[in-house]
Amino acid sequence: MDSLGFHRASSFEEAAGLLHSGAAVLAGGTDLVPLLKDGLVKPSLLVFIGDIPGAASISVTRRGGARIGAAAKLTDIANNPGVRRLFPALAEACRSVGTLQIRNVATLGGNLCQRPRCWYYRSGIACFKSGGESCPARDGLDEALAILGGGPCWAVHPSDPAVALLALDAKITIRRADGSVRETSLADFYCLPSDRLDRETRLDAGEIVERITVPARYAGSPQRYAKVTQRAAWDFALVSAAVVWEKRRFRPRIALGGVAPRPWLLDTARLSDPPVSRRGRDPTAWELWAIRTAEQALRGSRALSSNGYKIELAKNLIRRTLLEWRRV
Amino acid sequence: MTAATTGRFVTTTVEVEGREEIAVVELPAFEPLPWGPRERLNLAGKAAERLDALAKVTGTARYTSDISLPGMLFAAALRAPIPSGRVTLLDTTAAKRLPGVQAVLTGRDIPLIPWLHGEPLLSSRVRYPGQPVAVVAAESLRQAQLAVERIKVRYRVGKHVVGLQQFPVRRLPGMPAPPFTERVERGDVRRAIKQSPAVVTQTYRVPAVLHQALEPHGSVVFWDGGRVVVYDSTQGVYRVRRELAEYLGIGEHRVRVVAEHVGGGFGSKNNCGSYTVLAALLSKATGRPVKFILDRREVCLDCGHRPETIMRVTLGAARDGVLQAIDFEAWIALGADGWVGGPGQIARQLYRCENVRTVEHYFYTNVGPMSSMRAPYHVEGAFALESAMDLLARRLRIDPLEFRRRNLPDEDQEKKRPYVSLMLGPCLEEVSKRMGWRPDRPGDTDRRRFLTGRELRVVRGRGIAAQIWPSGGGPPAYAFVRINRDGTAEVATGTQDMGTGSRTVLAQIAAEVLGLPLDRVRVTLGDTESCPYANNSWGSMTTASVGPAVRMAAEDALRQLLEAAADLLNVPADKLVARRGRIVARGTRRSVSFEKVTEHLGDIVIVGRGHRGPNPTTVTVASFGVQGAEVEVDLETGVVRVLRIVAAHDCGRAINPELAESQLHGGIIQGLGYALFERRLQDRRLGVPLNCGLHEYKVPTLADIPAIETRLISVAEPAANHVGVKGLGEPPIIPTAPAIANAVFDAIGVQVTELPLTAARVLAAIKKARRRKKGVLGVR
Ligand SMILES: Cc1cc2nc3c(=O)[nH]c(=O)nc-3n(C[C@H](O)[C@H](O)[C@H](O)COP(=O)(O)OP(=O)(O)OC[C@H]3O[C@@H](n4cnc5c(N)ncnc54)[C@H](O)[C@@H]3O)c2cc1C
Ligand code: SF4
C-alpha cells in the first residue's frame, strides 16, 4: 500500500464520478477493510458513501414494496417493522448475517458486493480470482466449494441477503460515472465465473449501487429464509434457501445460497406445480411434491471430491422448507 | 523414588506433565501440618472475587502489548511463505534505507543460536511456513512492516509433508523416518484379544488445533548496557530467563523477565519465543527498547498446536463387560519439532486392564513446531479410547455408563501403587445422578426421538466420557511473605497468572494463614527480579506446587510475628493464633490486633520463606473427572448442537470454588470447539495453512455454548500436600469431545470417527446408519 486517499461523498452522483480505476466504494468497511489489510485489494482512493443524505433510508409500503438505500445497515433492515411484516425472508436473511457487531456496521449494498470467502483467495494464494492462472481450491480442500455453476472459479457467493432478495425478485438501481442511472434485476446483477473472473457482479467500472427495490408483488406473501451453519452464530451458510410464494399463481420462487458462485435462482419452469386444488392441500401429495421439487432443484449439480454433502443438504433444506406449507 | 541422601537436598524422581524425571529436591526444614478435610478455614475454600477482575474489565491491567517504553521501536518479521526449501537471495539494502528503519537483521547478522534441530535462528533452510527469515526494528509498526515488504528475498522450494496423509503411515516422503516409536506393554495383549469374546477395532482421527489465547505472543525487550529487561506474555518467567540468558550468552543475573498479566497461554507460551530473542538482538543493535508483538496470523503459523493424530484402538472384553485387552497405536504429526508425551498414556491408566499395549509413532512435518496444549496428548487419546469404549459397550449390549462402572481402576496400574484418592467412581455416579441416567431397556429408543411434526428430523443423544490427569504438582517452588509495618502483607513468588486466578488463590492461602482479610494481602508474581523461583504455569501444577510454598512462607512469617506478640501479651508464642486480623491467646480472652504487633516492631523486617517439599512416594496423585453430554443432531443437515454438559471433577480442596468452576467452563468450551468446529486447514499440495484468522478458524461462539452444570468433587487431600489441593487446570478439556461424540453416536447409531464433527461427516454417518438400518434411524 503506498498512499490511500479518502473522500466523503455527499451524493451518489459525486461518488460515481470519483470511481476512476483505483478507487473503491467504502460503506461499512467490514469486508473492504479486511481485504485491504490482507493486501487483496489495493485501491488508491476510498469513496465513503455512508454520509450521503438518504443513502441509508428504508421505506416499505404494501403498495410500493420496499426501497432500501445501499448504505442501510443490516440491523436496521432486520429490525424495520415494515420489512419484518411484508418481507420477512429479507429480515430473516439480514438477521442471519455474521454477528450483531457486524450487522450494526455492514450495509446492504456492501453485503451484495462483498467478495468470496474462499480459504485460498483470502489466504492470499494466487488463483483465478486474484489474477492467477489456476484454482488451487479445486485441487485441494474443496468442501466449501460450489456444486452448481462452478468453474473455472468454484468459490460460493457468501451473501445471505442476496439470496432472499433474489427470491423476492429485487431490482438494483445503479448510478454510473456519468451521473445516469440504470436499473437491473438482482438476477442479472450477478454473473458466473465463466462470464467474468475479476468480480462477482456485472457492475462496470464507475458504477455504484444506489438503491435496492423489492417489488410489491411479494409484499406479505408467505416466505421464508432458512440458513444452515456449522456454528450457531457468526458463520456463513453451508447452504441456505429462500422460498417466496407468488400470491396469485400459487408457485414458489426458490433461491439457494452457499451452493454456487452467485446466489442461485431455481428455474421455476423446470419445477413441477404444487398440488393445490380447490379443496385445499393433501399433505401426502404435498410431501411427494416437495421431495420431487428438491430433486429437480439440484438436477445438474455436481460434486467435487468432498463437497457432495451440499447436494444432500440443499435437497433436504428445500424439502423441509416447502413442507412448512403442507397445511394451509 | 527413594532418597539418595538424608540431607537437605535429595535426589529423587519427580513427575512433570505425566513424565518422570530425576531431580534434586529440597526437603523443608519444617512443614506445616496438613489442612485436613475438617480444618476450619475462613478464606481458603470460599469464593472470592479475582483480585485483578476490576483492573481487567476496566482496562487498567497492563498486558505485554500495553507496555510502552520511552524511545521504543517496533519490530516486524519477514516470514517464509513456503513449507520447505532454502533462501537463495536475501537483500536488505532497500529496506534499510526506508525512513524510520533502525535495524534489519538476518541470519548473517546475529550470533549462532541453535533453534530447530540445531539449525540456527533465522536459518536459510526453511522447515515450515511462517519460519522467520529476517527482522526489522523501526520507529513505527507501519514502517517496520513496509521495510519487511522491501526486503528482497528468493526461495528455492523443497519437498514438503504437512500431515498424516495416508494410513497407516510408515514413512512420510521427504522427511526422516519416524524419529521415534514408543512402545509400552503389560500383560499379553495378543492372547487376551484372541480370547476375548467381544472385540472392537476402530481408527480415529483428530486434526491439528490451535490454542488461540486471546493475547497474542510477544515481548518488549530493552537491552540496556549490561541488563536485559523483558516484558513477555509467558507462562514461565523463570524458564524464559534461563533460555534467553543461554541464547544470548549472558548471565541470568543480567536478565529480568516480567509478566504481570497474561491473556491466556494454554501451553503455547511455555518457552522463550523466537520473538523474544529477536527483540533482544534488535534492542542490542539499536540501543533502544523493542516491542515485538505477533499478529494473529503469525501466532497461527509459529506458536504451536495440538498435533494431528491418528489412533487405532482395539478393545477386548469378557461377556460380563470386564475389559481384557487394550491395544492402542497412534501416529502423531508433530510439526517441525515437538516433544513426545503420548496419547497412549490415558489408555494405560483410565480403566482397569491387565493387558495393555500402546505404540506411538512420532513424525516430523513441515508445519510449525508443536507445543503443549491444555492436557497435551490426553485430549487426543481420550477421544479414541472413550469412543472405542462406547463401541464396545454397544457390542456387549451394556449401558456405556455401567460398562465404565465395571472397569474402574483400583490402583495406579503403571506404578503399582494406590492413588491418594480415586475419585473416578464418585464422579461417574455424580454425572449419572445429575443427568438422570438410566440404562435403556431393549427396544427402548424413544429417549432419542425428538419429533418435529410427523417426521423424525432431529434426534437426541447422550454420552459420557472420563478422564485422569497427573495433578500432584511438586517442587521446586518458592515464596516469600513479607509483613509490613502497617499490618499488611506481601507475597512474592515467581509463578504467573495467565488468567487462571493464581494471584487470587495464592492471596487467599496467605491471608488464611495470617488471619488477615484478603484486601490486606497483595501478591506479586511474574517477575524474576522480585520473586523467588517457581515453575511454569503448566501441567495443572500451580496451586498444588506454589500453594504449599506460599502457605509455608506465611506460616514462617507468622511464627516470627507471634514471637513479637508473645512479648506484648505476655503469653508464650505457641499459645497464640492469628484470627480475623488479631493475634489471640488460645483459651483466653487476651488478644492484640495484627497492626499493633507490626507497629510495635517498627521497621524490623519480617520475611517468611517457604518452599514446596517433595511429593509422597507411596501414592500417585491424580485428578479424575467425568462429563456427560446431551446433543441434538439434525438428520437433514448433519448439524450437531450441544444442549447440555454435566461435569463432575475432583480437585482436592478447591481454594476458590468459583475460580475452579470457571476452569471447568473454560475447558469444556475449548473441548466443545475441538469436538465440533476447530481444525487447522492445510493444503497438502501447497503445504500452507488456510485458516490463520479467527474468522476461518472457528472457536465456539456464545450461541454454541450449552447449559454447563459443574460439580466439584472437592475433598481436601492432606496426603497429597499440606494445603490439600490437586490440579484442575487441564482436566476439564479432556472428556468433553468424546462425551459429545458418544452422544452423537447414541443419537444416530453410527460413530463419526474423525473430529471435528462437521455437518459433512455427520451426514455421511447418517447415510451409513440408514443403509445399515442401525440404531433409531433403522427403526423408522
Ligand atoms: C465476521 C464476519 C461475519 C460475516 N458473516 C456474514 C454472513 O453470515 N452472511 C453474509 O451475508 N455476510 C457476512 N459477512 C459479510 C458482511 O455481511 C459484509 O462484509 C458486509 O455486509 C459488507 O458491507 P459493508 O457496508 O461493510 O461493505 P464494505 O466492506 O464497505 O464494502 C464491501 C465491498 O462492496 C463494495 N461496495 C460497498 N458498497 C457499495 C455500493 N453501494 N456500490 C458498489 N459497491 C459497493 C466495496 O467497494 C467493497 O468491495 C460477514 C463479515 C464478517 C466480517
Ligand atoms: S475457488 Fe475461486 S477464489 Fe477459490 S481458489 Fe479457486 S479460483 Fe480462487
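Counting restarts for each chain: residues are numbered from 1 in the order of the written sequence. Whichever chain is written first becomes A and whichever ligand is written first becomes 1, with later ones labelled in order. Side-chain atom pairs in this predicted model are given and counted only at pLDDT of 80 or more, local residue features only at pLDDT of at least 70, and totals for whole chains, interfaces and linings cover all residues. The side-chain numbers reported here are obtained from all heavy atoms of the structure, hydrogens and water having been left aside.

## Let's talk about the packing of aromatic side chains
Part 1 of the reasoning: Ring pairs shown here join Phe, Tyr and Trp side chains whose ring centres sit within 6.5 Å, with only the six-membered ring taken for Trp; geometry is labelled stacked below 30 degrees between planes, edge-to-face above 60, and tilted in between. Overall, the coordinates contain 14 aromatic pairs over all chains when judged by the stated rule.
Part 2 of the reasoning: Ring centres of Phe6(A) and Phe48(A) lie 6.0 Å apart, and the angle between their planes is 25 degrees; this geometry places the pair in the stacked category. One end of the pair, Phe6(A), is in strand E1 (residues 5-8); the other, Phe48(A), is in strand E3 (residues 45-48), and 42 residues separate them in sequence.
Part 3 of the reasoning: By relative accessible area, Phe6(A) is classed as partly exposed at 45%.
Part 4 of the reasoning: With a centroid separation of 5.7 Å and an interplanar angle of 80 degrees, the aromatic rings of Tyr204(B) and Phe383(B) are classed as edge-to-face. Of this pair, Tyr204(B) sits in strand E12 (residues 198-206) while Phe383(B) is found in helix H9 (residues 378-396), placing the two residues 179 residues apart along the sequence. Of the two residues examined, Tyr204(B) and Phe383(B), each falls in the buried class.
Part 5 of the reasoning: Site record: aromatic cluster; members linked through ring pairs are Phe180(B), Trp339(B), Tyr362(B), Tyr364(B) and Tyr377(B). Numbered from the N terminus, helices here are DSSP runs of H or I no shorter than four residues, and strands are runs of E no shorter than two. Whether a residue is buried, partly exposed or exposed follows from its accessible area with a 1.4 Å probe, protein chains only, as a fraction of its type maximum: under 20%, in between, or over 50%, in that order.

## Notes on helix H3 (residues 141-150) of chain B
In an α-helix, one turn spans 3.6 residues; hence positions three or four apart end up facing the same way.
Residue and element names in this part refer to chain B.
Part 1 of the reasoning: Those residues of H3 not exposed but buried are Ala144, Ala147 and Val148. Looking down the long axis of H3, one finds its buried residues gathered within 105 degrees of arc, a one-sided arrangement.
Part 2 of the reasoning: In this structure, the buried residues of H3 make contact with strand E3 (73-79), helix H2 (93-97), strand E5 (101-106) and strand E9 (132-138). The arc under discussion is defined with respect to the helix axis, by the directions toward the C-beta atoms. We call two residues in contact whenever any of their non-hydrogen atoms come within 4.5 Å of each other.

## A word on the site of ligand 1
Part 1 of the reasoning: Residues in contact with ligand 1 amount to 34 residues; listed here are only the nearest, Val25(A), Gly28(A), Thr30(A), Thr107(A) and Asp160(A).
Part 2 of the reasoning: Only heavy atoms are used to decide nearness, and a residue is near a molecule or strand if one of them lies within 4 Å of it. Per-site note: the chains with residues close to ligand 1 are chains A and B.
Part 3 of the reasoning: Here an oxygen atom of ligand 1 and a side-chain polar atom of Thr30(A) are 2.6 Å apart.
Part 4 of the reasoning: For ligand 1, a nitrogen atom lies 2.9 Å from a polar atom in the backbone of Val209(A).
Part 5 of the reasoning: With the chains in place, 94% of the 960 Å² that ligand 1 exposes on its own is no longer accessible.
Part 6 of the reasoning: Broken down by secondary-structure element, the contributors of at least two residues to the shell around ligand 1 are strand E2 (23-26), helix H7 (108-112) and strand E8 (208-214) of chain A.
Part 7 of the reasoning: Here the shell around ligand 1 gets three residues from one element, more than from any other, and that element is H7(A).
Part 8 of the reasoning: For the shell around ligand 1, a count of residues per class yields 17 nonpolar, 12 polar and five charged. Here a polar contact is recorded for every N or O atom pair within 3.5 Å, except that within protein the pair must consist of a potential hydrogen donor and a potential acceptor, and residues adjacent in sequence are included only if both atoms are side-chain atoms. Each accessible area is a Shrake-Rupley estimate made with a 1.4 Å probe; only the visible protein chains count as cover when residues are assessed. Asp, Glu, Lys and Arg are counted as charged, while Ala, Val, Leu, Ile, Met, Phe, Trp, Tyr, Cys and Pro are counted as nonpolar; the rest, among them Gly, fall into the polar class.

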